[in-house]
Amino acid sequence: MPEKAQAKYRQIADHLRRGILDGTYPAGQPLPSEEVLAKQFGVTRPTVRQGIAELRAAGLVEVMMGRGMFVRSPHSRPSLTRPRGVRRETDGRYVEADGIRWEHAEDPVATRTDAPLALADLLRIPPGEPMYTYDVLETADRGRLRQLHRTYVPFSVLLGTKYEKQAPPPPPHLYSALTELGNELQFTEYVRTRMPLPDQAQALRLPDGVPVLQVLRVTLNQAEKPLTLEELHLSGDDLELSFHLI
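So, here's what we can say about the structure.

Bringing the overall build of the protein into the picture now. Assigned secondary structure in the protein consists of seven helices and 13 strands. Out of the 246 residues in the protein, the part that is buried amounts to 41%. The long-range share in the protein, meaning contacts at least 24 apart out of those at least 6 apart in sequence, stands at 58%. Split by element, the accessible area of the protein, about 14,200 Å² in all, is 52% carbon and sulfur.

Below, the structure is given as structure tokens:
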């Protein structure tokens, strides 16, 4: 990237940052449009977007689809709220509480892996135990929503079942398969934020500086024995998760 172009987008970011901090652009109010900023600084709109990306990474600005750029308010709500949880329908199917119709962007990739220490602890199995692992990129809303979904199923959970010599299906059919084996399912989720790895940022189409939400979901049976672990990575930008507590 030419040094001059880099300096221009930094100038835009610094100009807007000063205006936000001194109250020229109050919280919750719109910023000048990309077109106005491009004309003001004599640059292209992609250069303006680079400057805005710096402010988004700093948590100062949010971009609302179809509405424009706004100064982030400490009281503003994200544009997307996703209820968390799994429910069982009357026909026995398990569905996500958020109601989003996720589709596989590609076929799930099944591999055999050995349990690392951190996951073995959550699954209460010895480190190094073999597991079936499924990886898939899921999309919804015509590709606007994206999440990486990885599933781990320890071999020990499948001993003595028809899946001892064949791979079980990936979620959500995995839940029905476990129920058919006599398990009554319950779920526990662990949520944290972190910065994405480069391949995760590319797959999720994340701008620079945007963290991911990592959701670890453990499926347990009626004896509270862990059966599977799912690892979900989704964009932490303009998103909140909601949980129904009983």
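Moving on, we get to the packing of aromatic side chains. Counted according to the given criterion, the structure contains four aromatic pairs. Ring geometry for Y132 against F155: centres 4.7 Å apart, planes inclined by 45°, an arrangement best described as tilted. Of this pair, Y132 sits in strand β8 (residues 130-140) while F155 sits in helix α5 (residues 155-158), and the two are 23 residues apart along the sequence. Between Y175 and F187 the ring centres are 5.3 Å apart and the planes differ by 75°, which places this aromatic pair in the edge-to-face class. Of the two residues, Y175 sits in helix α6 (residues 173-180) while F187 sits in strand β10 (residues 186-194), which places them 12 residues apart along the sequence. Here Y175 falls in the buried class, since its relative accessible area comes to 1%.

Okay, the environment of A105 next. Note on placement: A105 falls in the loop between β6 (103-104) and β7 (109-114). Not counting the four nearest positions on each side in its chain, A105 is found in contact with L137, E138 and T139.

The complete set of buried residues in helix α2 (residues 34-41) reads E34, L37, A38 and F41. Seen end-on, α2 carries its buried residues on one side only, within an arc spanning 100°. Of the residues flanking the end of α2, it is G42, one or two places downstream, whose phi is positive at about 65°.

Of the consecutive residues P171 and P172, the connecting peptide bond is found in the cis state with omega at 0°. For P172, the location among the structural elements is in the loop between α5 and α6. With a phi close to 55°, R124 is a non-glycine residue in the positive phi region. In this model, R142 sits at a positive phi of 55°, which is unusual for a non-glycine residue. Take R142: it is sitting in the loop between β8 and β9 (145-154). Residue R142 is classed as exposed on the basis of its relative accessible area, which comes to 90%.

When you tally the buried positions in strand β11 (residues 212-220), you get nine out of nine residues, the bulk of the element. Bridge analysis of β10 against β11 gives nine bridges, and the strand direction is antiparallel. Paired with T188 across the strands is V218, a residue of β11. In the sheet, β11 pairs with strand β12 (residues 226-235) via nine bridges, with the strands oriented antiparallel. Across the sheet, residue R217 finds its bridge partner in β12, namely E230.

Basis of the calculations
Once a new chain begins, its residue numbering starts again from 1 and follows that chain's sequence as written. The predicted origin of the model limits local features to residues at a pLDDT of at least 70 and limits the giving and counting of side-chain atom pairs to 80 or more, whereas totals for whole chains, interfaces and linings rest on all residues. In computing side-chain properties, one takes all heavy atoms of the structure into account and sets aside hydrogens as well as water. The helix count covers DSSP runs of H or I at least four residues long, the strand count covers runs of E at least two residues long, and both are numbered beginning at the N terminus. Remark: exposure states derive from per-residue accessible area (1.4 Å probe, protein chains only) relative to the maximum for the residue type, with buried under 20%, exposed over 50%, and partly exposed in between. Contacts: residue pairs with any heavy atoms within 4.5 Å of one another. With residues, only the protein chains shown are counted as cover, and all accessible areas are computed by Shrake-Rupley using a 1.4 Å probe. Each Phe, Tyr or Trp ring, with Trp reduced to its six-membered ring, pairs with another whose centre is within 6.5 Å; inter-plane angles below 30 degrees give stacked pairs, above 60 give edge-to-face pairs, and intermediate values give tilted ones. Arc definition: it is the arc formed by the directions from the helix axis to the C-beta atoms. Here the rule is simple: two strands pair whenever DSSP picks up at least two bridges between them.

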